[in-house]
Amino acid sequence: MKRIIPREEYCIGCRLCEIHCIVQHSKSRNIIKAFKKERRPAKRVEVEEHGHVSFALQCRHCEEAPCITACLSGAMQRDGVSGVVVHDSRRCVGCWTCILVCPYGAVRRDGEGKKVVGKCDLCPDLEVPACVANCPNEALVLVEE
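The text that follows walks through the structure, step by step, so that each part is easy to find. Please read all numbers here as calculations on a predicted model, not as lab measurements. (Residues numbered from 1 in each chain as written. Predicted model: local features only at pLDDT ≥ 70, side-chain atom pairs only at ≥ 80, totals over all residues. Heavy atoms only, no water.)

Examining the overall build of the protein
Regarding its fold elements, the protein presents five helices and eight strands. Going from N to C terminus, the protein has its helices and strands arranged as β-α-α-β-β-α-β-β-α-β-β-α-β. The C-alpha atoms of the protein give a radius of gyration of 15 Å, which matches the 15 Å a tight globule of 145 residues would have. Counting only C-alpha atoms and orienting by the principal axes, one finds that the protein spans roughly 40 × 35 × 30 Å. Within the protein, the fraction of its 145 residues that count as buried is 39%. Once local pairs closer than 6 in sequence are excluded, the contacts in the protein between residues at least 24 apart make up 55%. Between the mean site of the 22 positive side-chain charges and the mean site of the 19 negative ones, the protein shows a separation of 9 Å. (Helix = DSSP H or I, 4+ residues; strand = E, 2+ residues; numbered from the N terminus. Rg over C-alpha atoms; globule rule 2.2 N^0.38 Å. Buried < 20%, exposed > 50% of the residue type's maximum accessible area, 1.4 Å probe, protein only. Contact = heavy atoms within 4.5 Å. Lys, Arg positive; Asp, Glu negative; His and termini not counted. Charge placed at Lys NZ, Arg CZ, Asp CG, Glu CD.)

Right under this line is the structure:
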């Protein structure tokens, strides 16, 4: 299974991972349109900073994912092929239990105003997730376990 591992010793807090995540999940996949003309999608990675320490935070696709266990509607599931924890927004009832139980704080309320959550999906259309591919310091590493 694939996971993204942050390496805080290389993160400079540039937030390019956030920008490329937003662009990748936008309708046009165009940076100008994504930020200026379309409804901006929720970022699925967030850079946390405290003083000189920074790192990117996103879903770790836990082996025993508490969000899957806690999900009342079955919207949080593990993809049988890739092993990635995925969210089906059509099944989500907006109880946000998954947000409460995530040990990393990586599941967040989607900014669309809907009662659904957003989380990292490892960019299924790309060989390497956009945040990893565009990190200038290799502070995000894609590993396969």
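What follows picks up the thread again.
Here we look at the environment of Ala-106
Examined against the element boundaries, Ala-106 turns out to sit in the loop between helix H4 (97–101) and strand E6 (108–109). Spatially, the C-alpha atoms of Ala-106 and Lys-119 are 6.6 Å apart, while their sequence positions differ by 13 residues. Look past the residues within four positions of Ala-106 in its chain and what remains in contact with it is Gln-58, Cys-59, Gly-118 and Lys-119.

What about the nonpolar core?
Ile-4, Cys-17, Met-76 and Leu-140 are the most contacted members of the largest nonpolar core, which totals 27 residues. Of all the secondary-structure elements, those providing two or more residues to this core are helix H1 (16–24) and helix H5 (130–133). The contact partners of Leu-140, leaving out residues within four places of it in the chain, are Ile-4, Ile-5, Pro-6, Cys-17, Ala-56, Gln-58, Cys-131, Val-132 and Cys-135. (Core = buried A, V, L, I, M, F, W, Y, C linked by side-chain atoms within 4.5 Å.)

Here's the deal with the packing of aromatic side chains
The full count for this structure, using the stated rule, is zero aromatic pairs. In this structure, Arg-60 packs its charged tip against the face of Tyr-104, placed 5.3 Å from the ring centre. (Phe/Tyr/Trp six-rings, centres within 6.5 Å; stacked < 30°, edge-to-face > 60°. Lys NZ or Arg CZ within 6 Å of the ring centre and 35° of its normal.)

Points about the environment of Lys-33
Within the element layout of this structure, Lys-33 appears in helix H2 (residues 31–37). Take Lys-33: its relative accessible area is 40%, and that puts it in the partly exposed class. Spatially, the C-alpha atoms of Lys-33 and Arg-60 are 29 Å apart, while their sequence positions differ by 27 residues. Apart from the residues within four sequence positions on either side, Lys-33 is in contact with Ser-28 and Glu-38.

Here's the deal with the pattern of salt bridges
Under the definition given, this model contains seven salt bridges. Between Arg-29 and Asp-125 there is a salt bridge, and its shortest N-O distance comes to 3.0 Å. Within this pair, whereas Arg-29 is found in the loop between H1 and H2, its partner Asp-125 is found in the loop between strand E7 (117–118) and H5, the two being separated by 96 residues in sequence. Given the relative accessible area of 44%, Arg-29 is considered partly exposed. The closest approach of N and O atoms between Arg-108 and Glu-46, which form a salt bridge, is 3.5 Å. One end of the pair, Arg-108, is in strand E6; the other, Glu-46, is in strand E2 (residues 46–50), with 62 residues separating them in the sequence. In the salt-bridge network here, residues are joined through shared partners; they are Arg-15, Glu-18, Lys-43 and Glu-49. (Salt bridge = Lys/Arg side-chain N within 4 Å of Asp/Glu carboxyl O.)

A few points about the state of the cysteines
The final tally for this structure, using the stated rule, is zero disulfides. Left without a disulfide partner, Cys-95 is nearest to the cysteine sulfur of Cys-71, which lies 6.2 Å away. Judged by its relative accessible area of 36%, Cys-95 falls in the partly exposed class. Among the cysteines around Cys-135, which has no disulfide bond, Cys-14 carries the closest sulfur, lying 6.0 Å off. What makes Cys-135 buried here is its relative accessible area of 16%. (Disulfide = S-S within 2.5 Å.)

The quantities given are spatial measurements derived from coordinates; they are silent on function.
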